[in-house]
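# Topology and contacts: notes
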Amino acid sequence: MRRHAEAEVRALEPGDVARVATIFRSAFNEMYRRRGFGPVVADTAVGAVIAEAYRALDPEHCLVVTAAGRVVGSGFLHVRGATAGVGPITIDPGYQGAGFGRALMEEICARSDRAGVRSLRLIQDAFNEASFCLYGRVGFVGRETLVRGSFRSRPQLGTAAPARRARPSDLDQVVGLERELLGIERRKDHELLLRMGDVLLSGDGTLHGSLGRLVRGGVAVLGPAVSRDLEAMLDLIDRATRDLPARTDIRLLVPARQGDLLAALYETGFEVHSLCTYMVRGDYTPFAGYYVPTLFPESG
Ligand SMILES: CC(C)(COP(=O)(O)OP(=O)(O)OC[C@H]1O[C@@H](n2cnc3c(N)ncnc32)[C@H](O)[C@@H]1OP(=O)(O)O)[C@@H](O)C(=O)NCCC(=O)NCCS
C-alpha cells in the first residue's frame, strides 16, 4: 500500500495535543479490544502527559500526520547521539490500514538518518502484527523478546533500607553505566525521571545499578533499570518496591533471555500479561549486564 497520497507529516504544535491524546486513547484501546483485552488507556490525560513531556524534551521530533489538513496520528522520535528511540506511534482507528502509519514512520526514519543515528530502537506488542509489519517494512528487525508483566507489592518484614534516591549530581554515574552496558547515552531522560518520579541507585561508591520508577494511583512502573549483575538488579527491584503501599501494581518489561531474573520474579508472584518485541533499525550490540527497558521514556 505504501504511504497515503494525502498524508503529510509536520511538527506537533501545542494546539494538536488534545487531538493527539484522543487518538492515543482510541488507537490503543481499539487495538487491545480487537484482541479480546479490556481498555488499557483510561483517559485522554495519559496521551496528553506523554505528548507534553516529549515536547519539552525533543520539540522538533514530535510529529503529527495529517489527512487533508486533519491530524490523524502522531509519532515521537528521541535522538540520543548515535542511538535513538521511537514511540508511541498511533493512528486514528478510522484511518488505519491506509498508509498513514507508513508515511509517519518513513519521515521518522528519514529524520533519524539525518541526525546521524546508527541504531534506532522501539518496543512493540508482539501480538500486534500490523505494527510489527509496518516497522519491518521500514527496516526494523526483531532483536529481543520482552516479557511484559506485573506483581503486587507486599509489606516487607526485612530490615533492608529503601534504595538511595539519585540526585542530579549522581547522573554522571548513571549515564556512564548505561553507556557502558547498553551503549545508550541519555542524560535528559534521567533528568525527566528525576522530575516526574525517582531514579534509585544500588552500590556505595561504585555504582552497580540504577532503576527509574514512576508511581501514579496504585501503579508503579519500573524502568529503565540497568545493573552489572543479577544480585544488584534484584536488590534494586526489592528496595524500589518495599516503600510502596501494599498491593501496588508493579509493572515492568523483562528481556526473555534473562531467565534467572524471570525465575526470581516468578517467586514474588510475577504474572506475565503479554510479550513484546524490541526492534532495531541499524546497528545492534546486545546489551551487557541486566536490563529492564521501559515505554516511558522510549529512548531505547
Ligand atoms: C500500528 C499502526 C501505527 C499502523 O498504522 P497504519 O496507518 O494502520 O499502518 P499502514 O497502513 O501505514 O501500514 C501498515 C503496513 O503493515 C502491513 N501489514 C499490516 N498487517 C499485516 C500483516 N498481517 N501481514 C503483512 N503485512 C501487514 C501493511 O500492508 C502495510 O504495509 P505496506 O505499507 O508495505 O503496504 C496503527 O494500526 C495503530 O495506531 N495501532 C494502534 C496503536 C499501536 O499499536 N501503535 C503501535 C505501538 S508499537
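What counts, and where the lines are drawn
Residues numbered from 1 in each chain as written. Predicted model: local features only at pLDDT ≥ 70, side-chain atom pairs only at ≥ 80, totals over all residues. Heavy atoms only, no water. Helix = DSSP H or I, 4+ residues; strand = E, 2+ residues; numbered from the N terminus. Rg over C-alpha atoms; globule rule 2.2 N^0.38 Å. Buried < 20%, exposed > 50% of the residue type's maximum accessible area, 1.4 Å probe, protein only. Contact = heavy atoms within 4.5 Å. Areas by Shrake-Rupley, 256 points an atom, 1.4 Å probe, with all protein chains shown as cover. Lys, Arg positive; Asp, Glu negative; His and termini not counted. Charge placed at Lys NZ, Arg CZ, Asp CG, Glu CD. Axes fitted to C-alpha atoms, helices over the stretch in contact; angles between N-to-C directions. Parallel < 35°, antiparallel > 145°, perpendicular 65-115°, else oblique. Left-handed = near helix turned anticlockwise from the far one by under 90°. Nonpolar A, V, L, I, M, F, W, Y, C, P; charged D, E, K, R; others polar. Domains from an automatic or database assignment. Buried area = accessible area lost by both parts, 1.4 Å probe. Patch = residues over 30% accessible without salt bridge, like charges linked within 9 Å, V, L, I, M, F, W, Y side chains within 5 Å. Salt bridge = Lys/Arg side-chain N within 4 Å of Asp/Glu carboxyl O. Arc of directions from axis to C-beta. Phe/Tyr/Trp six-rings, centres within 6.5 Å; stacked < 30°, edge-to-face > 60°. Lys NZ or Arg CZ within 6 Å of the ring centre and 35° of its normal.

### Focus on the overall build of the protein
- Check the secondary structure of the protein and you find eight helices and 14 strands.
- For 300 residues, the compact-globule formula gives about 19 Å, and the C-alpha radius of gyration of the protein, at 19 Å, lands near that figure.
- Of all 300 residues assigned to the protein, the portion counted as buried reaches 53%.
- The long-range share in the protein, meaning contacts at least 24 apart out of those at least 6 apart in sequence, stands at 73%.
- Accessible surface, the protein as shown: approximately 13100 Å² in total, 52% of it carbon and sulfur.
- Both charge centroids of the protein, one from 38 positive and one from 36 negative side chains, sit 3 Å from each other.

### Overview of the environment of Ala 161
- Relative to the assigned elements, Ala 161 resides in the loop between β7 (141-152) and β8 (164-165).
- On the accessibility criterion, Ala 161 (41% relative accessible area) is partly exposed.
- C-alpha of Ala 161 to C-alpha of Ala 240: the two residues are 79 residues apart in sequence and 9.9 Å apart in space.
- Beyond its immediate chain neighbours, meaning those up to four positions away, Ala 161 contacts Arg 239 and Arg 242.

### Some points on the packing of helix α1 (residues 17-34) against helix α2 (residues 44-57)
- Running from amino to carboxyl end, α1 crosses α2 at an angle of 125°, the nearest separation of the two axes being 7 Å. With respect to α2, the element α1 is oriented oblique. Along this stretch, α1 crosses α2, giving a crossing that reads as right-handed. Contacts between α1 and α2 involve Val 17, Val 20, Ala 21, Thr 22, Phe 24 and Arg 25 from the first element and Thr 44, Val 46, Gly 47, Ala 48, Ile 50, Ala 51 and Glu 52 from the second.
- Of the residues that constitute the contact of α1 with α2, the class distribution is eight nonpolar, three polar and two charged.

### Comments concerning the domain arrangement of the protein
- Domain annotation for the protein reports domain 1 (7-117) and domain 2 (149-292).
- On a C-alpha basis, the centres of domain 1 and domain 2 stand 26 Å from each other.
- Contact residues are listed per partner, giving eight residues for domain 1 and 10 residues for domain 2.
- Taking both sides of the interface into account, the surface hidden between domain 1 and domain 2 amounts to around 820 Å²; carbon and sulfur atoms contribute 57%.
- When residues of domain 1 are sorted by the area they lose upon contact with domain 2, Leu 57, Arg 80 and Thr 83 head the list and together hold 58% of the total.

### Some details on a nonpolar patch on the surface
- Taken together, the side chains of Tyr 266, Val 272 and Leu 275 present a nonpolar region at the surface, about 260 Å² in accessible area.
- Locating Tyr 266 in the fold gives a position in helix α8 (residues 259-267).

### Some remarks on α8
- Listed in full, the buried residues belonging to α8 are Leu 261, Leu 262 and Leu 265. Summarising the axial view, the buried residues of α8 lie within an arc of 100°, below the 170-degree limit, and thus occupy one face.
- Packing partners of the buried residues in α8 comprise β7, α7 (230-241), β12 (249-255) and β14 (290-292).
- Of the residues flanking the end of α8, it is Gly 269, one or two places downstream, whose phi is positive at about 95°.

### Description of the pattern of salt bridges
- Counted by the stated rule, this structure contains 29 salt bridges.
- The partner of Arg 242 in a salt bridge is Asp 238, and the shortest N-O contact between them spans 3.0 Å.
- Arg 242 gets classed as buried once you look at its relative accessible area, which sits at 15%.
- In this structure Asp 238 comes out as partly exposed when scored by relative accessible area, which is 27%.

### Observations regarding the packing of aromatic side chains
- In this structure the tally under the stated criterion is 11 aromatic pairs.
- Plain terms: the ring middles of Tyr 54 and Phe 296 are 5.4 Å apart, the flat faces sit at 20° to each other, and that makes the pair stacked. Of this pair, Tyr 54 sits in helix α2 while Phe 296 sits in the segment after β14, and the two are 242 residues apart along the sequence. Exposure class is identical for Tyr 54 and Phe 296. Each is buried.
- One cation-aromatic arrangement involves Arg 257 over Phe 287; the distance from NZ or CZ to the ring centre is 4.3 Å.

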